[in-house]
Structures are given as C-alpha cells and as structure tokens.
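# An overview of the molecular structure
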Amino acid sequence: MTFINIFPTAGFHLCGMKITSQQLLDDLAGLTKQHVSFVQKLQALPDELLTQKAQPASWNALECIEHLNRYGNFYLPEIRKRIAESTTHTAPVFKSGWLGNYFANSMLPKDKLNKMRTFAVMNPANSTLDREVIQTFARQLQTMLELLRLAAKTDLNKVRTSISISSLIRLKLGDTLRVVIYHNERHIRQAERAIHLKQ
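Rules used in this analysis
Residues numbered from 1 in each chain as written. Predicted model: local features only at pLDDT ≥ 70, side-chain atom pairs only at ≥ 80, totals over all residues. Heavy atoms only, no water. pLDDT = per-residue confidence, 0-100. Helix = DSSP H or I, 4+ residues; strand = E, 2+ residues; numbered from the N terminus. Contact = heavy atoms within 4.5 Å. Core = buried A, V, L, I, M, F, W, Y, C linked by side-chain atoms within 4.5 Å. Buried < 20%, exposed > 50% of the residue type's maximum accessible area, 1.4 Å probe, protein only. Phe/Tyr/Trp six-rings, centres within 6.5 Å; stacked < 30°, edge-to-face > 60°. Salt bridge = Lys/Arg side-chain N within 4 Å of Asp/Glu carboxyl O.

### Things to note about the confidence of the model for the chain
Averaged over all residues, the pLDDT of the chain is 86; the fraction at 70 or higher stands at 84%. Least confident of the elements in the chain is strand S4 (residues 166-172), whose mean pLDDT is 82; most confident is helix H5 (residues 132-151), at 98. Counting contacts from residues 1-14, a segment whose pLDDT is below 50, to residues more than four positions away or on other chains yields 37 contacts.

Printed below as a string of structure tokens:
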C-alpha cells in the first residue's frame, strides 16, 4: 500500500523556512487528512496486526498511536488556548524560528529513521492498550483540523506556544503546528512498518 506522498512544499526542508501562511496551513491540513485516512484503515485491521511488532524492542501500531495521543493531550489544548488568547490578525507570510525549524525538521521521517529519546511519561511500551487509542487519535486529528482553520485567523509568527519538554521554551505557532503534525507523520510511518502495510 502506498501511503503518504512526499511533502509538496519545497520550503519544508529549508533552513529558515519562509512560506505563505495559507500555503503552510493548507499543506499541514492535507497531511493531517492523510493521517485521518490511515486511521480509518487501521480501524479495519485485526487485533493481531495492531499488536504485532517488527522487532521485540520496537513499538506495535497501538503503542505508536498511544504515543501520539499523549503528546496530543498536551499540544492540542495548548494550541487552542494560545489561539483563543490571540489578538493578532493573519500575516501573509510565515517565517520559521531557528529553534522551531530545527525541532520540526528533526521530526520529519527519513529513509533511515533517526532514533530519538522518549520521556518515560510519553513512552507507551508494554502498556495495556485497546482499540480506544485509535478512536482517541481519530478525535485528536479532527481537533487538529479545526485548530488549523482557527489558526488561519491569527499571525503564525507572533502567537507562541509552550512545548512539552519545557515551559520556558516557546515556539511560533506555525512551528508548533509543524512539530506536532510532522511528529504524527513520523510515528504513523513507524506504525505502518509494525503492521507491514508497506512492502
């Protein structure tokens, strides 16, 4: 099965990315809609595929999705709060911050996935999980689509959000959206490998 297409916007991979705000939001919404399609396919799979692992130490598909849910539990309310508090107006162009761009690009899937440390609270390995984690993620994806629509009314450069690893670091809203959605993409690819949907 062929899944996610290569990102259509060349600026995704550039240092100091500069892109129209609407194009960024459209690209992120398009990627999130592909994630929705993946979740729909995931829901139709038998339990044995959802819980099998590519390797003993790796995560199964349910663990990959639960990991994303745990991050969503932080980022989705944080993004909504910052958008609601904003008095800014749409800016035509988004220019990534250096730190936000670094975080976002580090999340992008690569042919050989670079390993990243996972905080214990975000590590779902060997948790007791069921199909509810898929339903939760499906709801989170719909929330993200809603937030992308709301974000279009704000300045993606001036609105800033906290990040999960430190309340002292704040990223531009445009970068935070990239980080979360690229992180989703990263672990959806991992879930694909776990259930052998890619040949």
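Moving on from the model shown.
### Description of the nonpolar core
One broad rule of soluble globular proteins: the nonpolar side chains tend to lie buried together. Among the nonpolar cores identified, the biggest contains 51 residues, and Leu-42, Ile-79, Met-144, Leu-148, Leu-156, Leu-173 and Leu-177 are the most heavily contacted of them. With 10 residues, the top contributor of residues to this core is helix H3 (residues 61-85). Sequence-distant contacts of Met-144, defined by excluding residues within four places in its chain, comprise Thr-32, Leu-76, Ile-79, Leu-177, Val-180 and Ile-181.

### What to know about the environment of Ile-181
Looking at the element boundaries, Ile-181 is found in helix H6 (residues 173-194). We classify Ile-181 as buried; its relative accessible area is 0%. Considering only alpha carbons, one finds Ile-181 and Met-107, 74 residues apart in sequence, at a separation of 8.9 Å.

### With respect to the packing of aromatic side chains
Within this structure, the stated rule accounts for three aromatic pairs. A centroid spacing of 5.9 Å and a plane angle of 50° characterise the contact between Tyr-102 and Phe-103, whose relative ring orientation is tilted. Given a relative accessible area of 54%, Tyr-102 falls into the exposed group. An aromatic cluster of at least three residues, connected via ring pairs, comprises Tyr-71, Phe-74 and Tyr-75.

### Describing the pattern of salt bridges
In this structure the tally under the stated criterion is nine salt bridges. Arg-80 is paired through a salt bridge with Glu-146; the nearest N and O atoms lie 3.0 Å apart. Of this pair, Arg-80 sits in helix H3 while Glu-146 sits in helix H5, placing them 66 residues apart in sequence. For Glu-132, the salt bridge goes to Arg-139, with nearest N and O atoms at 2.9 Å. A residue is classified by how much of its surface remains accessible, and Arg-139, at 46% relative accessible area, is partly exposed. Through salt bridges with shared partners, a single ionic network connects Glu-78, Arg-82 and Glu-85.

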